[in-house]
Amino acid sequence: MDPPRQCPSPSSSRPISPRTPSCEMLGYVGIEAVLDQMKIKAMKMGFEFNIMVVGQSGLGKSTMVNTLFKSKMWKTTPPGLALGPIPQTLQLHSVTHVIEEKGVKLKLTVTDTPGFGDQINNDKCWDPILGYINGQYEQYLQEEILITRQRHIPDTRVHCCVYFVAPTGHSLRPLDIEFLQRLCRTVNVVPVIARADSLTVEEREDFRRRIQHNLRTHSIDVYPQECFDEDINDKILNCKIRDRIPFAVVGADREHLVNGKYVLGRKTKWGIVEVENMKHCEFPLLRDLLIRSHLQDLKDITHNVHYENYRVCRLNESHMLPRGPGWVNLDPAPANSPANSPANSPAIPGPSKVCRWAQDTPSEEY
Amino acid sequence: MMGKGTQMVRTPGVPGLHFPASLGQLSISASYIARPLICCTQLPAQLEEVGRDSRYSSSYGAMDKEYVGFAALPNQLHRKSIKKGFDFTLMVAGESGLGKSTLINSLFLTNLYEDRQLPEASARLTQTLTIERRGVEIEEGGIKVKLTLVDTPGFGDSVDCSDCWLPVVRFIEEQFEQYLRDESGLNRKNIQDSRVHCCLYFISPFGRGLRPLDVAFLRAVHEKVNIIPVIGKADALMPRETQALKQKIRDQLKEEEINIYQFPDCDSDEDEDFKRQDAEMKESIPFAVVGSCEVVRDIDSRPVRGRCYSWGTVEVENPHHCDFLNLRRMLVQTHLQDLKEVTHDLLYEGYRARCLQSLARPGARDRASRSKLSRRSTTEIPLPMLPMLPLAETEKLIREKDEELRRMQEMLEKMQAQVQQSQAPGEQSDAL
């Protein structure tokens, strides 16, 4: 039995929706214990997180994943000692690990994309990736429309795609732009500047500004997207993050002795680059974004926005959705959409469209 | 290279710019060899003049009476070269963002890229490869070098890079063609040598060795230009990563049979120290370089050229940090002339032989007419009609030579058979 607690003040119980009138609490009910219940349930069930890393070979993707989750998820290949020749076509392979910290279990799936952007002709090299992502959505959809569904549908949808930009110092390359334009509509994309230890602080800032300018010019909406900021607090926090995207990161899986402590870093003849030192690189920001603060948000947006978009398109096209209230005639091919659409759905509308739909529902004509 | 016995003529104020004094180095081209022989008879008078010149008196004072005196020839060459000046064409190729412009500025200590506008990302979406030439005259210690830099912006940038190296190959061949026409022309006084003497190819430090595009480009140009592979932005790599990458690149170059420029071996009479240094330099190919034109102050507040990071400072001219010094020494200080020689003797001659051979065959008519269409110059001096022997006679010559070769081969075989029979008279000898 819980020990008797102080009567909470009226202001502590906030009304959930604007329409329900606030009611004065006359005593302690105990609804805040529901948070504890959720926590216990979540810890029992564990969390799932699926992340995809995309970028040219040698940009440190596997090392970054190892550094993020502080465990040897991948066997990293040192440069020059590649395990095999560069694959002729893009292949995707996933690795699943269950990692545990303080009683919380995380089932982490990392999908790697070796061969991306390595060929002479990289046209359409994004198709296998889009196909994979939509395939995961399709799998979930099939499970969802079954008559007798599983209690907990296994979630293999990609929650976040980390895109590694080569540190040229100039601007985004054509391949980067083509890929990002197509993917930001289907999945949460977080671009990062890879191997940032080849850029000085000023060069990094210049490069970052140029990339942000490029992203704005080509209407590439990366995570955290502005249209999903729910309230003012979110907006302030996300604005700070958006100002620093893309993060300039360095990955390392070896420890070195610095000032009496062992830290992850890269040792060169002129110094040691410490991965977790904010003065050296922005890896802590990436880690905080992906794991410590926005993991659940990534999953929510994938489920509520990207997956729903996919579902609406699929059901529309297969005419399974009845034409009732809320039916929207989504144009299969808007004027400026890219010619490249995945094979099984005509066009996936961007997140902005869904937002508009949610707001316009009352005034929509049926 | 320098040996113990040879004397070195060094002009004041030129750090490391050597002019080889050993005559063995003077077999450069026909125009040089002719002169010394003609001047031989006039030497004694010249020698007195030389003896009076304070610059050379210390070295050659004792030679007046006992020697003929053509050891002064290198000095003549030297003076003529200074008057004539040097010209050198260097091509830089590689993906954008590998530090090419910074390295060139660091190598030659001049800002060649002042007016460069980096294209916006949207412009790069539709950019094709262009060839840009920049020229600069550098003077050091009284010696003028006219440096022409050939840049290839747009290389490897687009999504589809198939055949993006073809404009480069065409450019190199056009320079050869121009030189061939000039050389075969009537007025050969002022031939402008615009042939590409060296190509610095930049390899990304982030890859796992050579990428398919690198291999394709190198395969296309390795028989036409001297290639020096270079790893750009090498401060992104840790020491063992650098070694592994270099080894991987060397293995790949051997596997793909790509001929890069081979630095000539030093003479056998060099001292061990020099040989070791030379071997070390050759071992560090491809050069892992870092470029910078900014002077930073490191911990001991010594001003050095380098890049300042929050974890340390990379010094460009520190041999432990990168191979910039090696590259500069080998490219500018010791092998500038050798690169030009190899371009002229090997690569250009190869091009010329291929060109003329193809003309000698009947099927060459079509090729000649095709090449007419691609020529840029308006003064249409068609290549087949060189002021040399007419076609029929060239063909006759070639056929005669073929006949001679065949006859000699037959004689050789007969002699070999005779030798074998005489060695083992009783045995059955193998068929020839």
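Residue positions are counted from 1 within each chain, in the order its sequence is given. Lettering for chains starts from A, numbering for ligands starts from 1, and both go in the order in which the items are written. Only residues with pLDDT of 70 or above have their local features reported here, since the model is predicted, and side-chain atom pairs are shown and tallied only from 80 upward, although totals for entire chains, interfaces and linings are computed over all residues. Side-chain metrics rest on all non-hydrogen atoms present in the structure, leaving aside hydrogens and water.

Caption draft 1: Looking closely at the sheet that holds strand β8 (residues 261-268) of chain A. Residue and element names in this part refer to chain A. What makes two strands pair is DSSP finding at least two bridges between them. Helix and strand definitions here come from DSSP, where helices need a minimum of 4 consecutive H or I residues and strands a minimum of 2 consecutive E residues; each element is numbered from the N-terminal end. Judged by pairing direction, the sheet is antiparallel, and its three strands sit side by side in the order β7-β8-β9 without closing on themselves. Of all strands in the sheet, those with a lone pairing partner are β7 (255-258) and β9 (271-274), marking the two edges. Across the sheet, the axes of successive neighbouring strands diverge by a mean angle of 70 degrees, strand direction being ignored. Both β7 and β8 contribute to a ladder of four bridges, which runs antiparallel. Axis lines are fitted through C-alpha atoms, for helices just across the contact stretch, and the angle between N-to-C directions can take any value from 0 to 180 degrees.

Caption draft 2: Summary view of helix α5 (residues 201-217) of chain A. All names here are of chain A. Helix length check: α5, at 17 residues, gives a terminal C-alpha distance of 24 Å against a target of 24 Å (1.5 Å per residue), a fit within 8%. Along α5, the positions that sit buried rather than exposed are Arg204, Phe207, Arg208, Ile211, Gln212, Asn214 and Leu215. Relative to the axis of α5, the buried residues are bounded by an arc of 160 degrees and lie together on one face. Opposite the packed face of α5, turned more than 90 degrees from it, sit the exposed residues Glu202 and Arg216. Multiplying 1.5 Å by the residue count of a helix minus one yields the expected span of that helix. Relative accessibility decides the category of a residue: with a 1.4 Å probe and only protein chains considered, values under 20% of the type maximum give buried, values over 50% give exposed, and everything between is partly exposed. Taking the helix axis as origin, the arc is that swept by the directions to the C-beta atoms.

Caption draft 3: Layout of the side chain of Thr152 of chain B. All names here are of chain B. Along the chain, Thr152 falls in the loop between β3 (143-151) and α8 (166-183). Residue class for Thr152 comes out buried when judged on its relative accessible area of 1%. Any pair of N or O atoms that falls within 3.5 Å is considered a polar contact. Within protein, one atom must be able to donate a hydrogen and the other to accept it, and sequence-neighbouring residues count only if both atoms are side-chain atoms. A polar side-chain atom of Thr152 sits 3.2 Å from the main-chain carbonyl oxygen of Val92. Residues in contact with Thr152, not counting those within four places in the same chain, are Val92, Ala93, Gly94, Leu129, Thr130, Ile131 and Val168. By definition in these notes, contact holds between two residues if any of their heavy atoms fall within 4.5 Å.

Caption draft 4: Focus on the packing of α5 of chain A against helix α6 (residues 232-244) of chain A. Residues and elements named next belong to chain A. Two numbers describe how α5 lies on α6: the axes approach to 9 Å, and their chain directions differ by 110 degrees. With respect to α6, the axis of α5 lies roughly perpendicular. For the pair formed by α5 and α6, the contact residues are Glu205, Arg208, Arg209 and Gln212 on the first element and Arg242, Asp243 and Arg244 on the second. A per-class count over the contact of α5 with α6 returns no nonpolar, one polar and six charged. The labels follow the angle: roughly parallel below 35 degrees, roughly antiparallel above 145, roughly perpendicular from 65 to 115, and oblique for the rest. Note on residue classes: Ala, Val, Leu, Ile, Met, Phe, Trp, Tyr, Cys and Pro are nonpolar, Asp, Glu, Lys and Arg are charged, and everything else, Gly too, is polar.

Caption draft 5: Structural detail: the confidence of the model for chain B. Every residue carries a pLDDT, the predictor's confidence in it, which falls somewhere between 0 and 100. Looking at chain B as a whole, the pLDDT averages 75, with 74% of positions reaching at least 70. Contacts for the low-pLDDT stretch residues 371-389 of chain B, under 50 throughout, to residues beyond four places or in other chains number 22 contacts.

Caption draft 6: Expanded view of the environment of Glu241 of chain B. Within the fold, Glu241 of chain B resides in helix α10 (residues 239-255). Exposure remark for Glu241 of chain B: the relative accessible area of 9% places this residue in the buried category. Remark: the alpha-carbon pair of Glu241 of chain B and Pro205 of chain B, spanning 36 residues in sequence, is separated by 9.3 Å. Separated by 2.9 Å, the side chains of Glu241 of chain B and Arg266 of chain A make a polar contact.

Caption draft 7: Structural detail: empty space enclosed by the protein. Residues are called lining when one of their atoms sits within 4 Å of a cavity or pocket point, these points coming from a 1 Å grid over the protein atoms alone, where a cavity is a set in which a 1.4 Å probe fits but cannot get out and a pocket is an open set with protein on both sides within 12 Å along at least five of seven lines. Grid points are joined across faces, edges and corners, and a volume is the space filled by probe spheres set on the points. Under the defined criterion, the tally for this structure stands at four cavities of 30 Å³ or more. Computed from the structure, the largest cavity encloses a volume of approximately 140 Å³. Lining the largest cavity are 15 residues; nearest its centre among them are Gln56 and Ala166 of chain A together with Glu95, Ser204 and Phe206 of chain B. A breakdown of the residues in the lining of the largest cavity according to their chemical character gives five nonpolar, seven polar and three charged. Counted as a void, the second largest cavity has a volume near 120 Å³. Surrounding the second largest cavity, 15 residues form its lining, Gln56 and Asn122 of chain A together with Glu95, Gly156 and Ser158 of chain B being those nearest its centre.

Caption draft 8: Representation of the side chain of Thr302 of chain A in the model. Residues and elements named next belong to chain A. Here Thr302 lies in helix α8 (residues 295-317). For Thr302, a relative accessible area of 1% translates into the label buried. A polar contact of 2.7 Å, which involves the side chain of Thr302, links it to the backbone oxygen of Leu298. Once residues within four sequence positions are removed from consideration, Thr302 is found in contact with Tyr137, Arg157, Val158, His159, Asn188 and Tyr307.

Caption draft 9: Fine view of the packing of aromatic side chains. Stacked, edge-to-face and tilted are the three classes for Phe, Tyr and Trp ring pairs, Trp counted by its six-membered ring, which pair at centre distances within 6.5 Å; planes under 30 degrees apart are stacked, over 60 edge-to-face, the rest tilted. What the rule picks out here adds up to 15 aromatic pairs over all chains. Seen from their ring centres, Tyr140 of chain A and Tyr307 of chain A are 5.1 Å apart, and the 80 degrees between their planes marks the pair as edge-to-face. With Tyr140 of chain A in helix α3 (residues 127-144) and Tyr307 of chain A in helix α8, this residue pair connects regions lying 167 residues apart in the sequence. The class for Tyr140 of chain A is buried, based on a relative accessible area of 11%. Note on Tyr163 of chain A and Phe179 of chain A: the rings are 4.9 Å apart at their centroids and 20 degrees apart in plane angle, and the pair reads as stacked. Taken together, the residues span a long stretch of sequence, with Tyr163 of chain A in strand β4 (residues 160-165) and Phe179 of chain A in helix α4 (residues 174-183) at a distance of 16 residues. Residue Tyr163 of chain A shares its accessibility class with Phe179 of chain A, and that shared class is buried. Clustering of aromatic rings is evident, with ring pairs tying together Tyr137, Tyr140, Tyr307 and Tyr310 of chain A. Look at NZ for Lys and CZ for Arg. If either is within 6 Å of the ring centre and within 35 degrees of the ring normal, a charge sits over the ring. Its guanidinium or amino end placed over the ring of Tyr179 of chain B, Arg195 of chain B lies 3.6 Å from that ring's centre, counting from NZ or CZ.

Caption draft 10: Here's a closer look at the pattern of salt bridges. By convention in these notes, a salt bridge is any Lys or Arg side-chain nitrogen within 4 Å of a carboxyl oxygen on Asp or Glu. Within the structure shown, the criterion is met by 39 salt bridges over all chains. Note that Glu177 of chain B and Arg181 of chain B form a salt bridge whose closest N and O atoms lie 3.5 Å from each other. With a gap of four residues between them, Glu177 of chain B and Arg181 of chain B both fall in helix α8, about one helical turn apart. You can call Arg181 of chain B buried: its relative accessible area is 16%. Its salt-bridge partner being Arg406 of chain B, residue Glu403 of chain B comes within 3.0 Å of it at the nearest N-O pair. Highlighted residues: Glu403 of chain B and Arg406 of chain B, both in helix α15 (residues 391-423), separated by three residues, approximately one helical turn. The exposure class of Glu403 of chain B is partly exposed, given its relative accessible area of 36%. Here the residues in one salt-bridge network are Glu205, Arg208, Arg209, Asp243, Arg244 and Glu282 of chain A, joined through shared partners.

Caption draft 11: The arrangement of the confidence of the model for chain A in detail. Residue and element names in this part refer to chain A. A residue-level look at chain A finds 76% of positions with pLDDT of 70 or above and a mean pLDDT of 79. In this model, residues 1-13 is a region of pLDDT below 50 whose contacts with residues beyond four sequence positions or in other chains number five contacts. Below a pLDDT of 50 lies the segment residues 78-84, which in the model reaches 12 contacts outside its immediate sequence neighbourhood of four places, other chains included.

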